[in-house]
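# Examination of the molecular architecture
Here is what each chain is made of, one letter per residue.
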Amino acid sequence: MSPERIRPLNDQPRKASGPIVYWMQRDMRVRDNWALLHAADMTRDLQLPLTVCFMLVPSFLGATLRAYDFLLQGLQEVERDLRRLNIVFALLEGDPPEEVCRLIHQLHASALVTDFNPLRPVITWKTQVASHVDIQMVEVDAHNIVPAWVASDHQEWSAATLRRKLGRLVQSWLMEFPVLQPSAENPLQRPVDWTAVRSRLSCDETVRPVHWCTPGTQAGMRWLRHFCDEVLPSYADRRNDPTAQGTSMLSPWLHFGQISAQRVALEAQSTRAPADALQAFLEQLIVRRELADNWCLYNADYDSVAGFPTWALQTLARHAEDSRCHTYTLPQLNEEATHDPLWNAAQHNLREKGYLHGYLRMYWAKQILVWTTSADEALKDVLWLNDRYELDGRDPNGYVGAAWSIGGVHDRPWPQRPVFGSIRSMTLTGARSKFDVEKYVADSSLPAQS
Ligand SMILES: Cc1cc2nc3c(=O)[nH]c(=O)nc-3n(C[C@H](O)[C@H](O)[C@H](O)COP(=O)(O)OP(=O)(O)OC[C@H]3O[C@@H](n4cnc5c(N)ncnc54)[C@H](O)[C@@H]3O)c2cc1C
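Residues numbered from 1 in each chain as written. Predicted model: local features only at pLDDT ≥ 70, side-chain atom pairs only at ≥ 80, totals over all residues. Heavy atoms only, no water.

### Side note on the overall build of the protein
Here is the rule: Helix and strand assignments come from DSSP, with helices taken as H or I runs of at least 4 residues and strands as E runs of at least 2, each series counted from the N terminus. Both definitions apply: the radius of gyration is a C-alpha atom measure, and the globule rule equals 2.2 Å times residues to the power 0.38. In short, Shrake-Rupley with a 1.4 Å probe defines the accessible areas, and a residue's cover is counted only from the protein chains shown. Only four residue types enter the charge count: Lys and Arg as positive, Asp and Glu as negative, with His and the chain ends excluded. A single reference atom marks each charge: NZ on Lys, CZ on Arg, CG on Asp, CD on Glu.
Counting its regular elements, the protein contains 20 helices and 6 strands. Scaling as 2.2 N^0.38, a compact globule of 450 residues should have a C-alpha radius of gyration of about 22 Å, and the protein matches this with 22 Å. If one aligns the C-alpha atoms of the protein with their principal axes, the spans along those axes are about 70 × 50 × 40 Å. For the protein, the computed accessible surface area is about 19,200 Å², with 52% contributed by carbon and sulfur atoms. Charge-centre separation for the protein: the mean point of 46 positive side chains lies 3 Å from the mean point of 53 negative side chains.

### Topic: the environment of Ser2
Quick reminder of the rule: Each residue's exposure class comes from its accessible area (1.4 Å probe, protein chains only) as a fraction of the maximum for that residue type: buried when under 20%, exposed when over 50%, partly exposed otherwise.
With respect to the element layout, Ser2 can be found in the segment before β1 (6-8). Classification of Ser2 as partly exposed rests on a relative accessible area of 24%. When the C-alpha positions of Ser2 and Asp115 are compared, they lie 15 Å apart, and in sequence the two are 113 residues distant.

### Regarding the packing of aromatic side chains
As a reminder of what qualifies: For Phe, Tyr and Trp, rings pair up if their centres lie within 6.5 Å, where Trp contributes its six-membered ring, and each pair is then called stacked (planes under 30 degrees apart), edge-to-face (over 60) or tilted (otherwise). By the criterion adopted, a ring carries a charge over it if an Arg CZ or a Lys NZ lies within 6 Å of its centre and within 35 degrees of its normal.
With the rule as written, the count across this model stands at 19 aromatic pairs. On the numbers, 5.7 Å between centres and 65° between planes, the contact of Trp212 with Tyr355 is edge-to-face. Separated by 143 residues along the polypeptide, Trp212 in the loop between α7 (194-200) and α8 (217-231) and Tyr355 in the loop between α15 (341-353) and α16 (358-371) bring together distant segments of the chain. One exposure class covers both Trp212 and Tyr355, and it is buried. Between Phe227 and Tyr235 the ring centres are 6.3 Å apart and the planes differ by 85°, which places this aromatic pair in the edge-to-face class. Pair check on accessibility: Phe227 and Tyr235 agree, each one buried. Through a chain of ring-to-ring contacts, the aromatic side chains of Phe70, Trp212, Trp223, Trp253, Phe256 and Tyr355 assemble into a single cluster. The ring centre of Tyr302 lies 4.7 Å from the NZ or CZ of Arg120, which sits over that ring. Above the plane of the ring of Trp404 lies Lys366, whose end atom (NZ or CZ) is 4.7 Å from the centre.

### A look at the site of the ligand
Basically, it comes down to this: Whether a residue is near a molecule or strand depends on its heavy atoms: it is near if one of them lies within 4 Å of it. Whenever a nitrogen or oxygen atom comes within 3.5 Å of another N or O atom, the pair is scored as a polar contact, on the condition that within protein one atom can donate a hydrogen and the other can accept it, and that pairs from neighbouring residues in sequence are kept only if both atoms are in side chains.
Around the ligand lies a shell of 26 residues, among which Tyr235, Thr247, Ser248, Met249 and Tyr355 are the nearest. A distance of 2.6 Å separates an oxygen atom of the ligand from a polar side-chain atom of Ser248. Within the backbone of Leu285, an N or O atom sits 3.5 Å from an oxygen atom of the ligand. Alone, the ligand offers 830 Å² of accessible surface; in the complex the protein occludes 93% of this.

### Let's talk about the pattern of salt bridges
Filter applied, for reference: By definition, a salt bridge exists where a carboxyl oxygen of Asp or Glu is found within 4 Å of a side-chain nitrogen of Lys or Arg.
Applying the stated criterion across every chain yields a total of 29 salt bridges. In this structure, Glu93 and Arg200 form a salt bridge, with 2.7 Å as the shortest nitrogen-oxygen distance. With Glu93 in strand β4 (residues 88-93) and Arg200 in helix α7, this pair connects stretches of sequence that are 107 residues apart. Judged by its relative accessible area of 49%, Arg200 falls in the partly exposed class. Among the salt bridges present, the one from Arg263 reaches Glu176, with a minimum N-O distance of 2.6 Å. Taken as a pair, Arg263 in helix α11 (residues 261-269) and Glu176 in the loop between α6 (159-173) and α7 lie far apart in primary sequence, 87 residues in all.

### Quick notes on the nonpolar core
A general trend in soluble globular proteins is that nonpolar side chains are found buried together. Note the cut-off: Residue types Ala, Val, Leu, Ile, Met, Phe, Trp, Tyr and Cys, when buried and joined through side-chain atoms within 4.5 Å, form a set referred to as a nonpolar core. Those domain boundaries reflect an automatic or database domain assignment. Contacts are assigned to residue pairs that have any heavy atoms within 4.5 Å of one another.
The biggest cluster of nonpolar side chains holds 107 residues, and the ones touching the most others in it are Leu75 and Phe89. Looking at which domains feed residues into this core, each of domain 1 (3-142) and domain 2 (144-176 + 215-298) supplies at least three. Setting aside residues no more than four positions away along its own chain, Phe89 makes contact with Val52, Phe54, Leu75, Val78, Glu79, Leu82, Arg190, Val192 and Trp194. Of all hydrophobic cores here, the second largest spans 47 residues; its members include Trp311, Leu379, Ile423 and Ala431.

### Comments concerning the environment of Pro96
Structurally, Pro96 is set in helix α3 (residues 96-107). Residue classification places Pro96 among the buried residues on the basis of a relative accessible area of 4%. Residues Pro96 and Thr124 lie 28 residues apart in sequence; the distance between their C-alpha atoms is 10.0 Å. When sequence neighbours within four positions are dropped, the list of residues in contact with Pro96 reads Trp23, Met55, Val57 and Trp125.

### Observations concerning the sheet that holds strand β2 (residues 20-24)
Quick note on the threshold: Pairs of strands are assigned from DSSP output, requiring at least two bridges between the strands. Every axis in this analysis is a line fitted to C-alpha atoms, fitted for helices over the stretch in contact. Angles between the N-to-C directions lie between 0 and 180 degrees.
In space, the 6 strands of this open sheet follow the order β1-β6-β5-β2-β3-β4, with mixed pairing throughout. Looking along the sheet, the strands with just one partner apiece sit at the ends: β1 and β4. On average, each strand axis in the sheet is tilted by 25° relative to the strand beside it, whichever way the strands run. Inspection of the sheet shows strand β5 (residues 111-115) paired to strand β6 (residues 136-140) by 5 bridges, in the parallel sense. Paired with Asp115 across the strands is Val140, a residue of β6. Contacts from helix α4 (residues 120-132) reach β2, β5 and β6 within the one sheet, and its direction differs from that of β6 by about 155°.

This is how it looks when you write it as structure tokens:
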């Protein structure tokens with residue numbers, strides 16, 4: 001593996017006695033995982049055992065039962081896959097820095113490996129752990145095809161600027177993964193009591209699990225193959241039609257790291273999909289997705305209006321007092337109680353299915369800007385609803401999607417409109433010109449399919 005995928009989080013030495021610990025955080029899978037592969041390489045070099053731990057954090061960024069159910073089922077598969085490779089899996093609960101440091105201490109670990117996540121709370125935990133442990137701690141970007149810090153060392157202005165850089169780099173990083181070999185028999189393996197873990201879980205249980213997608217790597221890989229065979233060939237033509245099921249719907253598995261974006265790209269490239277379909281898909285999967293990590297990595301205000309570009313803040317301020325035909329409170333939005341049938345149908349799908357089509361996510365967020373009293377309120381409402389209901393919520397893609405919709409991030413000024421100012425607007429009339437809005441509204445009132 002290229003050493004550029006790895007960066008140190010402290011300057012402590014690597015020891016040579018106890019196990020190497022991989023703190024799995026964002027990339028919850030065993031196959032196709034550069035962080036796990038790096039930890040396994042270290043154990044082989046030093047002839048040491050490997051322990052993988054995961055830190056279960058209650059109500060992480062407002063996550064509900066829907067998200068925890070997906071996460072825990074995926075982790076059960078991780079535990080099974082690791083057991084086959086004789087690798088110990090430990091599920092930790094409580095305060096992340098405290099528990100990870102305790103494990104390192106108990107095991108007399110030799111080194112700590114973790115995967116990369118640009119979100120603030122995770123950076124804070126890792127910084128605390130890195131400064132408390134007396135062993136080497138490194139971070140491996142197992143989420144992006146081109147490691148975020150290699151792709152760019154600063155916040156990119158737009159998709160175009162990152163696209164140019166990725167264009168030069170991506171083929172040399174888009175390689176096949178090595179296969180992880182089993183370790184020596186490990187007597188320390190103790191199975192996790194998943195029923196007890198679930199009974200202790202503290203989160204909002206009113207947002208129920210959904211059944212259209214099965215959690216875990218195996219199910220994600222099956223979905224990926226179906227997408228490559230059946231949907232990818234017409235992706236370029238149908239991706240913007242929310243009634244067509246023309247996109248991959250892989251975002252839940254990608255968000256939880258249950259499948260690797262690199263694997264998705266490799267599988268997509270190996271099909272006979274037309275070049276325009278493949279290019280359109282890789283633009284979303286690689287450029288847009290990696291741009292989102294760039295945004296969160298280099299902008300500490302990634303989830304607040306303070307992160308918006310100056311031109312957007314100025315135009316929003318100039319239009320702050322524009323009259324609004326309708327305003328809605330967060331409870332009204334949550335209850336799908338607006339005058340707009342398309343918006344209500346989108347919100348209904350978000351609540352019931354935990355998935356909203358990409359075109360509608362933009363429309364849905366932009367209407368919230370028009371119907372609330374400030375961009376600050378709009379952004380807070382969008383993020384609260386998004387992160388509460390979307391299976392793929394609490395993700396850099398969501399923070400950048402909200403900031404693009406409301407604050408012009410990665411976009412440019414457009415002709416002036418009331419309330420929007422020069423932020424790009426979207427309207428119901430515009431949606432009608434793109435797809436059959438009435439069909440979408442009618443379909444959304446049908447019961448959610450399993
Ligand atoms: C207001 C708003 C909120 C959003 N919230 C989230 C979120 O919480 N989590 C999330 O993963 N995405 C979010 N997105 C981005 C995007 O809408 C979804 O990733 C996409 O719709 C997921 O559907 P799909 O898997 O069928 O996408 P496909 O079109 O099949 O794309 C494949 C993959 O590429 C990535 N991708 C696609 N579009 C984007 C994009 N615009 N930006 C970044 N990556 C992208 C996703 O990982 C996606 O799974 C949001 C967008 C907006 C405008």
